[in-house]
Amino acid sequence: MKPIGSVFAAAAFAGILATSTPVASAAAEPGNQITILYDAFGTDATMTKDWGFSALVEIAGKRILFDTGDNAEIFAANVNAKGVDLTKLDFVVLSHRHSDHMAGLSHVLSVNPTVKIYAPKEGFGIYGSSLPSSFYRKDESLPPDMRYYGGKPPEVMKFGSAWPDAHFELIDQTTEIAPGITLLALVSDAPGTKELKELSLAVNTSDGMILVVGCSHPGIERIVEAAAAINPKIHLIVGGFHLVVAPDDVIAKVVDALKERFKVETIAPGHCTGEPTFAALKKAFGKNYLYAGLGTSIPLGATAGSDVRRGEGPAQDDLATYRKLAAREDPFGIMRAQQARLGGNL
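Reference entry: report on the structure contained in this document. (Residues numbered from 1 in each chain as written. Predicted model: local features only at pLDDT ≥ 70, side-chain atom pairs only at ≥ 80, totals over all residues. Heavy atoms only, no water.)

On to the overall build of the chain, then. Within the chain one finds eight helices and 15 strands. Buried residues in the chain amount to 46% of all 346 residues. Taking as baseline every contact in the chain between residues at least 6 positions apart, the subset at least 24 positions apart corresponds to 69%. A total of about 17100 Å² of accessible surface is found on the chain, and carbon and sulfur atoms cover 55% of it. (Helix = DSSP H or I, 4+ residues; strand = E, 2+ residues; numbered from the N terminus. Buried < 20%, exposed > 50% of the residue type's maximum accessible area, 1.4 Å probe, protein only. Contact = heavy atoms within 4.5 Å. Areas by Shrake-Rupley, 256 points an atom, 1.4 Å probe, with all protein chains shown as cover.)

When we look at a pair of aromatic rings, we describe it by the centre distance and by the angle of the planes. Tallied over the entire structure, the rule returns eleven aromatic pairs. Both rings, one in F41 and one in F278, keep their centres 5.2 Å apart while their planes meet at 50 degrees; by these two values the pair is tilted. Taken together, the residues F41 in the loop between β1 (33-38) and β2 (54-59) and F278 in helix α6 (residues 275-285) connect sequence positions 237 residues apart. Residues Y127 and W163 carry aromatic rings whose centres are separated by 6.2 Å and whose planes lie at 15 degrees to one another, so their mutual orientation is stacked. Here Y127, found in the loop between β5 (116-120) and β6 (129-132), pairs with W163, found in the loop between β7 (156-159) and β8 (167-171); they are 36 residues apart in sequence, far enough to count as distant. (Phe/Tyr/Trp six-rings, centres within 6.5 Å; stacked < 30°, edge-to-face > 60°.)

In this section: the pairing of strand β11 (residues 197-205). Judged by how many residues are buried, β11 sits mostly within the fold: eight of nine residues are covered. Sheet analysis places strand β10 (residues 181-187) next to β11, joined by seven bridges and oriented antiparallel. Paired with L183 across the bridge in β11 is L201. With five bridges joining them, β11 and strand β12 (residues 208-213) adopt antiparallel strand pairing. Bridging from a neighbouring strand, V203 pairs with I210 of β12. Hairpin connection of β11 to β12: two residues between the antiparallel strands. (Pairing = 2+ DSSP bridges.)

All right, on to the nonpolar core then. Counting 29 residues, the largest nonpolar core has L211, I237, F241 and L258 as the members making the most contacts within it. If you list the elements that add at least two residues to this core, you get β10, β12, α4 (220-228), β13 (234-240), α5 (248-261) and α6. Beyond its immediate stretch of four places on either side in the chain, L211 contacts L184, S200, L201, A202, I223, V224, A227, L236, I237 and V238. Formed by 27 residues, the second largest nonpolar core is a distinct cluster that contains F66, V93, I210 and I298. (Core = buried A, V, L, I, M, F, W, Y, C linked by side-chain atoms within 4.5 Å.)

The calculated volume of the largest pocket comes to roughly 270 Å³. Taken together, 16 residues form the lining of the largest pocket, with G219, I220, E221, L243 and V254 sitting closest to its centre. Broken down by secondary-structure element, the contributors of at least two residues to the lining of the largest pocket are α4 and α5. Partitioned by chemical class, the residues of the lining of the largest pocket number seven nonpolar, five polar and four charged. (1 Å grid on protein atoms, 1.4 Å probe; cavity = no way out; pocket = protein on both sides within 12 Å on 5 of 7 lines; lining within 4 Å. Points joined across faces, edges and corners; volume = space filled by probe spheres on them. Nonpolar A, V, L, I, M, F, W, Y, C, P; charged D, E, K, R; others polar.)

The next subject is the sheet that holds β11. The strand order across the open sheet built from six strands is β9-β10-β11-β12-β13-β14, with neighbouring strands paired in mixed fashion. Because the sheet does not close on itself, it has two edges, and the strands there are β9 (175-178) and β14 (266-270). Put simply, the sheet's adjacent strands are angled 20 degrees from each other on average, direction ignored. Two strands pair when backbone bridges link them, and β13 and β14 are joined in this way by five bridges, in the parallel orientation. Residue G239 lies in a different strand from β14, and its bridge partner there is P269. Contacts from α4 reach β10, β11, β12 and β13 within the one sheet, and its direction differs from that of β10 by about 140 degrees. (Axes fitted to C-alpha atoms, helices over the stretch in contact; angles between N-to-C directions.)

Here the focus is the sheet that holds strand β4 (residues 91-93). One open sheet holds the seven strands; their spatial order is β8-β5-β4-β3-β2-β1-β15, and the pairing between them is mixed. One side of each edge strand has no neighbouring strand; the edge strands of this open sheet are β8 and β15 (297-299). Ignoring strand direction, the axes of neighbouring strands in this sheet form an average angle of 20 degrees. Sheet strands touched by helix α2 (residues 72-81): β1, β2 and β3 (62-66). Its angle to β1, the strand with the most contacts, is close to 140 degrees.

Per the stated rule, a full pass over the model turns up zero disulfides. Distance from the sulfur of C215, which forms no disulfide, to the nearest cysteine sulfur (C272) is 3.3 Å. On the basis of relative accessible area, C215 is assigned to the buried category, the value being 4%. (Disulfide = S-S within 2.5 Å.)

Secondary-structure assignment places L184 in strand β10. The class of L184 is buried, set by a relative accessible area of 1%. Taking the C-alpha atoms as reference points, L184 and Q173, eleven residues apart in sequence, are found 7.2 Å from one another. Not counting the four nearest positions on each side in its chain, L184 is found in contact with T174, E198, L199, S200, A202, L211, I223, A226, A227 and I230.

Everything listed here is a matter of coordinates, which is why it stays silent on function.
Structure follows, in structure tokens:
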């Protein structure tokens, strides 16, 4: 009786999922794409190659500018070459404080001064910051002219931004900023960038997670792991993996993790990923390696939103899930409920 009851429970659960689990439509929305606006490689003769990164992400009815490149004039020229209207952005994401990802912000603000800008929250950061005045030790034995603020500091001390009129929203933890659109907030512990905070853009779609990364200073594996916590099906990764000077053994380890551990479906590396890593990823992913040079537009076929499948893995793996459930004894209490009803009728 044990196998029969368990199989019945799993089958019932399958029926419940088929009728009640909300899954967004996979139908394509026009204009869903990621366009590379700044990078040091590419084939578009109308655009200028330079070290840095910027991408326009158009998905779920949103137009998101992710990073702004290393030079405002080059960024402006590249934007114009692609016919991008920066006045129609929903928001900007600055992945981290390095100049090759944010120098073009001055041009963005010159044409769209009120646009919302998401950036990492850092103490004394370039995007502005604040701290409670209790952060520093005080000595009341000193005369007022030797004390900060004459001994009467404000409750919250605010520190300036390189763009004082910009509308920053500073992020210090992973945050869903729109339905299905999440900023992953991680901190690097690598030598040279220790304590550097970085945001990555994760969009949960009916095809799986679409992940846009700037430089991956916290480690591309850690970033993918954070995205997989939302939805373990990683459909596409675009951006820089910070392996430009990595030795072959490190590259091989990362490539193996992306392909075998995380089962990433499609990959479109750029910027600081590095030429040897381009080669290794192309070999590993084959037709699922997408060229992402300057000026390239990568089509995105899926819709996004908070109602799409998240957390349970790819849809095609449902049968495996049901088999695991079937191995349990009455995993959802269905048989116990039936027995209780039968007992009440005796």
